[in-house]
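As a plain string of letters, each chain reads:
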Amino acid sequence: MKLSDYIAENRRKMAFLIFCITIIFLSIIVTRGIHYEFEEENFLPENETVKANEEVLNEYTNEYMIPALVKSKDGNILNKTDLLEILYMEKRIYESTGAEPLSVADIIASVFLSSNISIDYEEKIKGIENISNEDIIKLFNFPFFPKGIVSILLSKDFDEKNITAEATVIKVSLNGSLYKDDERALEEERKVKEAAGGSYEFIEPYILGGKLIEEEILQISTESLSIILLLSILFVIIVLFLIYRSILDVVLSLLSLAIAIIWTYGFASALNYSLNPLTMAIPVLLTGLGIDYSIHLRMRIREDGSTKIALKTVGTALFLSALTSSIAFLSNISSFIPALRQFGILSAFGIFSCLAAAVTLAPFHGKRKGEQEYVAPVLANLTTSIQKRKKIILFFIFVITIFMGYSAWHINAEFDMMKFLPEKLETSQHITYLIQNFEGVQGEEVDILIKDNMTEPEKLEKIYHIIENAGNDPYVVKVRGKAQIVSIFSVMKDYANKSYGLHYNATFERMYNMVFYENGLPKENATYEDIAAAYALLYSIAPDDMKHVIHKGENYDGCVIRISTDTGKKEKNISILFGELKKDIGGEKAVITGSIISTFIILKEIRSSQIKSLFLTILFSFIVLETIFLKKKKSFALGFIITLPVIISSLWIIGTMSLFKIPLTITTVAVSSLTIGLGIDYSIHIAYKFLEGKDSISSISRTGSALFGAALTTIAAFGLLSFSPLPQIRLFGMAISVGIVYSFILCAFILPILLQYWKSLRHFS
């Protein structure tokens, strides 16, 4: 007995089975819950660069940095009153978390008190209270004042003549172990935000902790997608009423959709998946796409008069549609991005869940007599008009495809987690201000991780030359002409040279002068033991600063060179910088890593991921269709003809994205393969109608309403994602919607022409 016959003859058993599975998934959801998170790690590849970056965070990081943006209400953050309020705020942060913030107020107070930065806050406050604004101006003009360091903490509008700046950034340092504990990191960031809160007369502080931002993105994403899901369901109800004109059919279709969503959430919970802004869009996707199976099946039941006959005629087409759509989603398994892999797996599972529920809950009987169709005749008339001008239309399609292909070839790739931030969100505006108005705080840092014996003079000489060369590379941040590079050399000089930094230590200066030249290179008579002794002394004086650049281990077996960069996160710029740094390190055992290099690797992988997923989708869809249609019609060309319209539509959507400057991102990278996987449904249904012996006009006339309704619900569901406050999700929804429009047009109006040509040639042969 065929599966379609079994389902049709055992409806109650199948409904009971669906009910039991639904209860199982509901129990999983209730017991294990549904987890939501937004972690940057889920969007990072698993390769040498990322592993090295994790090693730098775990082994060389002694602080968990939280930036605090502080704007002046009176227009000058360097006024005495503003500096005092900054110190009062820092004092509360210190008392609440134990963190010692670094700010321009700390530096100014420390210089006036002729002491180091780690003095008591009460002393700092008294120090600022005892000076005037004129004293602050004089201090900035003092020859030994570290104006270069201070200027990094001030906005770009810093006026060196009048000593004014609109804003400053405070670096709040917490324990570096927080990188390994997300929950504790979020808790500490909340403490900092609470401590910094309050009413201020002269300043406006904004805490911009990474975990706080992630939490805000997740919250907004959850709220917005809940609203979008409700709107998509409402729209689907309206469309179903217009198509079915039957309350029972609408209720059953919605019930099958609800079951599929429950199954998908239960499956995610069973696999311990945590939903992120991308995977949270799956219910919206299923609302628009999964309802298609109910529409096609119900319209066929109305045409054939019973479920059993309809399942025999349209069952294979529905299964093929679900299979090819799932292939498109599962092609993301080849992606290097964990979030995209999860998205692909959950979406594919949801697609088959929709099919299973739709088939099981299909009605028993067909349409009432006298029921009139409205959509199909319109589509049939359009098809007739196109058939009369088919050569001109095909030529026009060919020209557009060439143009879109050229445009698609030049599409850019982009990776920036900040692009998930809603533009109208207050936090987003503050982050944008921070990025645009401060040098060296854009989150860009290139790290060169070197694993070797750092007590060898020859090795230090090589590292010194790497640093010197890197300082001349493009896109390296320079302040007053000096490259912002932190290394073992800069840390030692900071403590050994009174005029170089704020951490001068006379004891270390004596040791340093015995072992090293002024530029930091070891003297000719310096031994391994001498260098190790200098490291050990400085480790006892400044363990945090030393851990930041050198790994103590058993014998100082590694170091990190930290380079501040400003590439604008553009792929071309990062590529140039990466190439120059590779030249700088030469044959040394070093790994170029850091957030910006990880971005570069991701950009390369985004392009690779698009090609792989597109290739896999086309390949497996083609194999599936060829297998079916070779058996059905003994034609190798038929599978290619059915696939061709959606291949063209995928090329069109990438070309359109390129024309409108929409880059390939971690979300839009899947658009081309999904356009094929989702759009091929229309090809399959039209082809099956055509192969039943109908001509191209009749094929559209008989299946037009179902096709149009299915396309409309899919376009609407993805189109509603364009109202998401998250830019990445918005672009994803817009691109898929346009891709589905292209697929529907090409499948509904161009595929019949191709099928007619195929039929004529087959007849002729």
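Nothing here was measured: the structure is a model prediction, and the numbers come from that model. (Residues numbered from 1 in each chain as written. Predicted model: local features only at pLDDT ≥ 70, side-chain atom pairs only at ≥ 80, totals over all residues. Heavy atoms only, no water.)

Trainee: Sorry if this is basic, but what is going on with the overall build of the protein chain here?
Mentor: Within the protein chain, the secondary structure is distributed over 29 helices and twelve strands. Counting only residues that meet the buried cut, the protein chain has 56% of its 765 residues in that class. Contacts spanning at least 24 positions in sequence make up 78% of the contacts within the protein chain whose residues lie at least 6 apart. With an accessible surface of roughly 33,100 Å², the protein chain has 59% of that area assigned to carbon and sulfur atoms. (Helix = DSSP H or I, 4+ residues; strand = E, 2+ residues; numbered from the N terminus. Buried < 20%, exposed > 50% of the residue type's maximum accessible area, 1.4 Å probe, protein only. Contact = heavy atoms within 4.5 Å. Areas by Shrake-Rupley, 256 points an atom, 1.4 Å probe, with all protein chains shown as cover.)

Trainee: Even after reading the chapter, I still don't get the nonpolar core, so can you show me in this structure?
Mentor: For soluble globular proteins, nonpolar side chains are generally found buried alongside one another. Ranked by size, the top nonpolar core spans 226 residues in total, and within it Ile-108, Tyr-535 and Ile-550 carry the most contacts. The dominant element in this core, judged by the number of residues it contributes, is helix H29 (residues 727-764), at 17 residues. Each residue touching Ile-550, except ones within four places of it in the same chain, is listed here: Tyr-60, Met-454, Ile-488, Tyr-535, Tyr-539, Tyr-556, Gly-558 and Cys-559. Within the second largest apolar cluster, seven residues are counted, among which are Ile-18, Ile-28, Trp-263 and Ala-357. (Core = buried A, V, L, I, M, F, W, Y, C linked by side-chain atoms within 4.5 Å.)

Trainee: Explain the packing of helix H4 (residues 80-97) against helix H6 (residues 121-129) here, please?
Mentor: Packed helix pairs are characterised by how far apart their axes lie and by the angle those axes make with each other. Interhelical geometry of H4 versus H6 gives an angle of 175 degrees and a closest axis separation of 10 Å. In terms of orientation, H4 and H6 fall into the roughly antiparallel class. Contacts between H4 and H6 pair Lys-80, Leu-83, Leu-84, Leu-87, Tyr-88, Glu-90, Lys-91 and Tyr-94 from the former with Tyr-121, Glu-122, Lys-124, Ile-125, Ile-128 and Glu-129 from the latter. Residues that form the contact of H4 with H6 fall into these classes: eight nonpolar, no polar and six charged. (Axes fitted to C-alpha atoms, helices over the stretch in contact; angles between N-to-C directions. Parallel < 35°, antiparallel > 145°, perpendicular 65-115°, else oblique. Nonpolar A, V, L, I, M, F, W, Y, C, P; charged D, E, K, R; others polar.)

Trainee: Would you explain H6 in this entry?
Mentor: Quick reminder: α-helices carry 3.6 residues per turn. Residues three or four places apart thus point the same way. Listing the buried residues of H6 in full gives Tyr-121, Lys-124, Ile-125, Gly-127 and Ile-128. Each buried residue of H6 sits inside an arc of 160 degrees when the element is viewed along its axis, so together they form one side. Tucked inside the fold, the buried residues of H6 contact H4 and helix H5 (104-112). For H6, the side-chain oxygen to backbone nitrogen distance between the N-cap and Glu-122 is 2.8 Å, and the N-cap itself is Asp-120. (Arc of directions from axis to C-beta. Polar contact = N/O pair within 3.5 Å; in protein donor to acceptor, adjacent residues only side chain to side chain.)

Trainee: Help me understand the pairing of strand E3 (residues 167-175), please; the structure alone is not making it clear to me.
Mentor: Every regular strand shows the same layout, with side chains that alternate between the two sheet faces. Counted residue by residue, E3 has seven buried out of nine residues, so it is predominantly covered. As defined by bridge partners, strand E2 (residues 63-72) adjoins E3 across nine bridges and the pair is classed as antiparallel. Looking across to E3, one finds that Met-65 is bridged to Ser-173. (Pairing = 2+ DSSP bridges.)

Trainee: Would you take a moment to explain the pattern of salt bridges for this structure?
Mentor: Between side chains of opposite charge, a pair can form when the charged atoms approach closely. Counted under the stated rule, the structure contains twelve salt bridges. The residue Arg-184 makes a salt bridge to Asp-181 at a minimum N-O spacing of 3.7 Å. In this structure Asp-181 comes out as partly exposed when scored by relative accessible area, which is 31%. Salt bridges linked by common partners bring Lys-91, Glu-95 and Glu-122 together as one network. (Salt bridge = Lys/Arg side-chain N within 4 Å of Asp/Glu carboxyl O.)

Trainee: Hey, could you run me through the environment of Asn-412 in this one?
Mentor: Relative to the elements of secondary structure, Asn-412 occurs in the loop between helix H17 (390-409) and helix H18 (426-437). Sequence separation between Asn-412 and Pro-663 is 251 residues; the distance between their C-alpha atoms is 5.0 Å. Excluding residues that lie within four positions of it along the chain, Asn-412 makes contacts with Arg-607, Pro-663 and Leu-664.

Trainee: I'm lost on the environment of Ser-499 in this one. Help?
Mentor: Assignment of secondary structure puts Ser-499 in the loop between helix H20 (488-496) and helix H21 (506-515). Note: C-alpha distance between Ser-499 and Pro-146 (353 residues apart in sequence) is 8.6 Å.

Trainee: Just checking my understanding: could you explain the pairing of strand E6 (residues 445-450) for this structure?
Mentor: Taking burial as the measure, the six residues of E6 include five buried ones, the bulk of the element. Where E6 meets strand E11 (residues 558-564), six bridges bridge the pair, whose relative direction is antiparallel. Following the sheet pairing, Asp-447 is matched in E11 by Arg-562. Two elements, E6 and strand E12 (residues 590-593), share four bridges in a ladder whose sense is antiparallel. Looking at the pairing, Leu-449 lines up with Val-591 of E12.

Trainee: Looking at this structure, how should I read the packing of H4 against H5?
Mentor: In the contact formed by H4 and H5, the axes pass within 9 Å of each other and the chain directions differ by 105 degrees. Judged by the angle between their axes, H4 and H5 are roughly perpendicular. On the side of H4, the interface is formed by Leu-83, Ile-86, Leu-87 and Glu-90, while H5 contributes Val-104, Ala-105, Asp-106 and Ile-108. Class assignment for the residues of the contact of H4 with H5 results in six nonpolar, no polar and two charged.

Trainee: What exactly am I supposed to notice about the side chain of Ser-683 here?
Mentor: Assignment of secondary structure puts Ser-683 in helix H27 (residues 671-691). Beyond its immediate sequence surroundings of up to four residues, Ser-683 is in contact with Ile-642, Pro-645, Val-646, Cys-747 and Leu-751.

Trainee: Looking at this structure, how should I read unusual backbone geometry?
Mentor: The general pattern is negative phi for most residues beyond glycine and trans for most peptide bonds. One non-glycine residue, Asn-272, lies in positive phi territory at about 60 degrees. By the secondary structure assignment, Asn-272 is in the loop between helix H11 (247-270) and strand E5 (274-275). Owing to a relative accessible area of 52%, Asn-272 belongs among the exposed residues under this scheme. Backbone geometry at Lys-661 places phi at a positive 60 degrees, although glycine is not the residue there. Counting through the fold element by element, Lys-661 comes out in the loop between helix H26 (636-659) and H27. Owing to a relative accessible area of 71%, Lys-661 belongs among the exposed residues under this scheme.

Trainee: Even after reading the chapter, I still don't get a nonpolar patch on the surface, so can you show me in this structure?
Mentor: Taken together, Ile-227, Leu-231, Leu-234, Ile-238 and Leu-242 make up a surface patch of nonpolar side chains, about 500 Å² in accessible area. Position of Leu-234 among the secondary structure elements: in helix H10 (residues 210-244). Owing to a relative accessible area of 48%, Leu-234 belongs among the partly exposed residues under this scheme. (Patch = residues over 30% accessible without salt bridge, like charges linked within 9 Å, V, L, I, M, F, W, Y side chains within 5 Å.)

Trainee: Looking at this model, I keep getting lost on the sheet that holds E2. Mind explaining?
Mentor: As a general point, the strands of a sheet are linked pairwise by backbone hydrogen bonds and lie either parallel or antiparallel. Read from one edge of the open sheet, three strands run E3-E2-E4, paired in antiparallel fashion. Every interior strand has two partners, whereas the edge strands, E3 and strand E4 (203-207), have only one. Each adjacent strand pair in this sheet contributes to an overall mean axis angle of 25 degrees, direction not counted. With five bridges connecting them, E2 and E4 associate as antiparallel partners. Each residue of the ladder has a partner; that of Val-70, found in E4, is Pro-205.

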